[in-house]
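Overview (structure and organization)
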Amino acid sequence: MNFAGLKEEKLDLIKENFDSATIVLRGETLIIKGEKEDVEKIEKVFKELIFLQKRQGGISESDVKLVLDLVDDRPQNGFKEKFGISSSETNNIILFKKNDYVRPRTETQFTYFRQVKRNDITFAIGPAGTGKTYLAVAFALSSLKNKEINKIILARPAVEAGESLGFLPGDLSEKIDPYLRPLFDALEDMIPHDKLRTYLERKTIEIVPLAYMRGRTLNNAFVILDEAQNATSMQMKMFLTRLGANSKAIITGDDTQTDLSGREISGLIEIQKILKDIEGISFVYFKKTDVVRHKLVKEIINAYEKYNGSNAER
């Protein structure tokens, strides 16, 4: 208990420094899986901590951090060797992955990066493929890794195709999975599978339909509402008023592509008028030139705009 910490909090400190490896404590046995270099470094960390525990009779979180710093013996040019960038360029990196990283790639994405750092609520509005959701998930994971927040909540309205959940086959989990799958895809690209499963089991990361947010107060959390153009006016108000102490929120969506019925007003369209002058809330607008998916995505968006424009003229 002393070695791992209450709820394995000391063990979690080590796990956070080795995202690509799996560390499991079973009884008095530690199981470490990963690439040889990582496993050797983790083994070195644990041997140092075992030595300290025997000598001191116990270890603290500061002992764990000290050992991690001592073992992290990468040279100054380690970033360039591993990622092809200098250490000075890492200031714009949102999140490190195994042999890769997430960082802004377009001018608007850099604006997004700066606004999220400065504000507690950021709206990212624009066409598909511009990195709105992907970067939002990276921002949230970075905050979790740096212990700025305790949990991540990812929400989506379950109305993309207009179906009622009650008419879809399967249990509740199977009904909502297609709506939440894009959020899982982003997470799975940034976190090793075993670690993501642990986060989900402990509810450190929650992925829920927007309707399930009602009545909650979210403290010390990073909250993301994706596909917000499909949230009604009341749902948008409900979501924004869930925010508690020391929490941040990102709301993403494309206000030109709503799947709501004609009688309902998109909360994303309405909120731009309601909150436009409030300090601490920012709006970032993406353009089709910010598309960072497959090169054909930009061409597809252009083609649809031309088609819709010519039909409107008729």
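Going by the structure above, here's the rest.
These notes cover the structure that comes with them.

Calculation notes
Residues numbered from 1 in each chain as written. Predicted model: local features only at pLDDT ≥ 70, side-chain atom pairs only at ≥ 80, totals over all residues. Heavy atoms only, no water. Helix = DSSP H or I, 4+ residues; strand = E, 2+ residues; numbered from the N terminus. Buried < 20%, exposed > 50% of the residue type's maximum accessible area, 1.4 Å probe, protein only. Contact = heavy atoms within 4.5 Å. Areas by Shrake-Rupley, 256 points an atom, 1.4 Å probe, with all protein chains shown as cover. Core = buried A, V, L, I, M, F, W, Y, C linked by side-chain atoms within 4.5 Å. Axes fitted to C-alpha atoms, helices over the stretch in contact; angles between N-to-C directions. Left-handed = near helix turned anticlockwise from the far one by under 90°. Nonpolar A, V, L, I, M, F, W, Y, C, P; charged D, E, K, R; others polar. Pairing = 2+ DSSP bridges. Polar contact = N/O pair within 3.5 Å; in protein donor to acceptor, adjacent residues only side chain to side chain. Salt bridge = Lys/Arg side-chain N within 4 Å of Asp/Glu carboxyl O.

Counting secondary structure elements, the protein contains 11 helices and 10 strands. Across the 314 residues of the protein, 45% fall into the buried class. A fraction of 66% describes how many contacts in the protein between residues 6 or more apart in sequence connect residues 24 or more apart. Of the roughly 17,700 Å² that the protein leaves accessible, carbon and sulfur atoms contribute 50%.

As a further point, take helix 9 (residues 233-240). What helix 9 keeps buried is the set Met 236, Met 238, Phe 239 and Leu 240. In this structure, the buried side of helix 9 is in contact with strand 5 (121-125), strand 8 (221-225), strand 9 (248-253) and helix 10 (267-274).

Our next topic: unusual backbone geometry. Positive phi, close to 50°, is recorded for Asn 220, a residue that is not glycine. With respect to the helices and strands, Asn 220 occurs in the loop between strand 7 (205-209) and strand 8. Look at Asn 220 and you get partly exposed, because its relative accessible area is 28%. Backbone geometry at Asn 246 places phi at a positive 55°, although glycine is not the residue there. Structurally, the position occupied by Asn 246 is in the loop between helix 9 and strand 9.

So, on to the nonpolar core. Considering soluble globular proteins, one finds that nonpolar side chains tend to be buried as a cluster. Grouped together as the largest cluster of nonpolar side chains are 34 residues, with contacts concentrated most on Tyr 112, Phe 139, Leu 141, Ile 152, Leu 187, Ile 205 and Phe 222. Mapped onto this core, the elements with two or more residues apiece are helix 5 (107-118), helix 6 (132-145), strand 6 (151-156), helix 7 (172-190), helix 8 (193-201), strand 7 and strand 8. Per-element accounting of this core gives the leading share, 8 residues, to helix 6. In contact with Phe 139, not counting residues within four places along its chain, are Ile 94, Tyr 112, Phe 113, Val 116, Phe 222 and Ile 250.

The next thing to look at is the packing of helix 5 against helix 6. In the contact formed by helix 5 and helix 6, the axes pass within 11 Å of each other and the chain directions differ by 35°. Between helix 5 and helix 6 lies a crossing of right-handed hand. Across from Gln 109, Tyr 112, Phe 113 and Val 116 in helix 5, the residues of helix 6 making contact are Lys 132, Leu 135, Ala 136 and Phe 139. Considered class by class, the residues forming the contact of helix 5 with helix 6 number 6 nonpolar, 1 polar and 1 charged.

Overall, parallel pairing links the 6 strands, which are arranged 7-6-8-9-5-10 in an open sheet. The open sheet has two edge strands with one neighbour each: strand 7 and strand 10 (281-285). Along the sheet, successive strands turn relative to each other by an average axial angle of 15°, direction set aside. Both strand 6 and strand 8 contribute to a ladder of 5 bridges, which runs parallel. Bridged to Leu 154 within strand 8 is Ile 224.

Here we take up the pairing of strand 6. The element strand 6 is largely enclosed, with a buried count of 5 among its 6 residues. Relative to strand 7, strand 6 runs parallel, the two being bridged by 5 bridges. Pairing of Ile 153 across the sheet is with Glu 206, part of strand 7.

Another aspect to go through is the side chain of Ser 142. By secondary structure assignment, the location of Ser 142 is in helix 6. Each residue touching Ser 142, except ones within four places of it in the same chain, is listed here: Ile 94 and Leu 95.

With respect to the helices and strands, Thr 252 occurs in strand 9. Exposure remark for Thr 252: the relative accessible area of 1% places this residue in the buried category. In sequence terms Thr 252 and Phe 123 are 129 residues apart; their C-alpha atoms lie 5.9 Å from each other. Setting aside residues up to four positions removed in sequence, Thr 252 forms contacts with Tyr 112, Ala 124, Lys 132, Thr 133, Ala 136, Leu 225, Asp 226, Glu 227 and Ala 228. Of the polar contacts made by the side chain of Thr 252, one reaches the side chain of Thr 133; its length is 3.5 Å.

Before going further, it helps to spend a moment on the environment of Thr 258. For Thr 258, the location among the structural elements is in the loop between strand 9 and helix 10. Overall, Thr 258 belongs to the partly exposed group, its relative accessible area being 35%. Each C-alpha atom, one on Thr 258 and one on Ala 231, is 8.8 Å from the other, the two residues being 27 residues apart in sequence. Every residue in contact with Thr 258, bar those within four places of it in the chain, is listed here: Gln 229, Asn 230 and Ser 266. Looking at Thr 258, its side chain comes within polar contact range of the main-chain oxygen of Gln 229, at 3.1 Å.

Here we take up the pattern of salt bridges. By the definition in use, this model includes 9 salt bridges. Notably, a salt bridge pairs Glu 227 with Arg 156, separated by 3.2 Å at the nearest N-O pair. Of this pair, Glu 227 sits in the loop between strand 8 and helix 9 while Arg 156 sits in strand 6, and the two are 71 residues apart along the sequence. On the accessibility criterion, Glu 227 (24% relative accessible area) is partly exposed. Judged by relative accessible area, Arg 156 falls into the buried class, the value being 7%.

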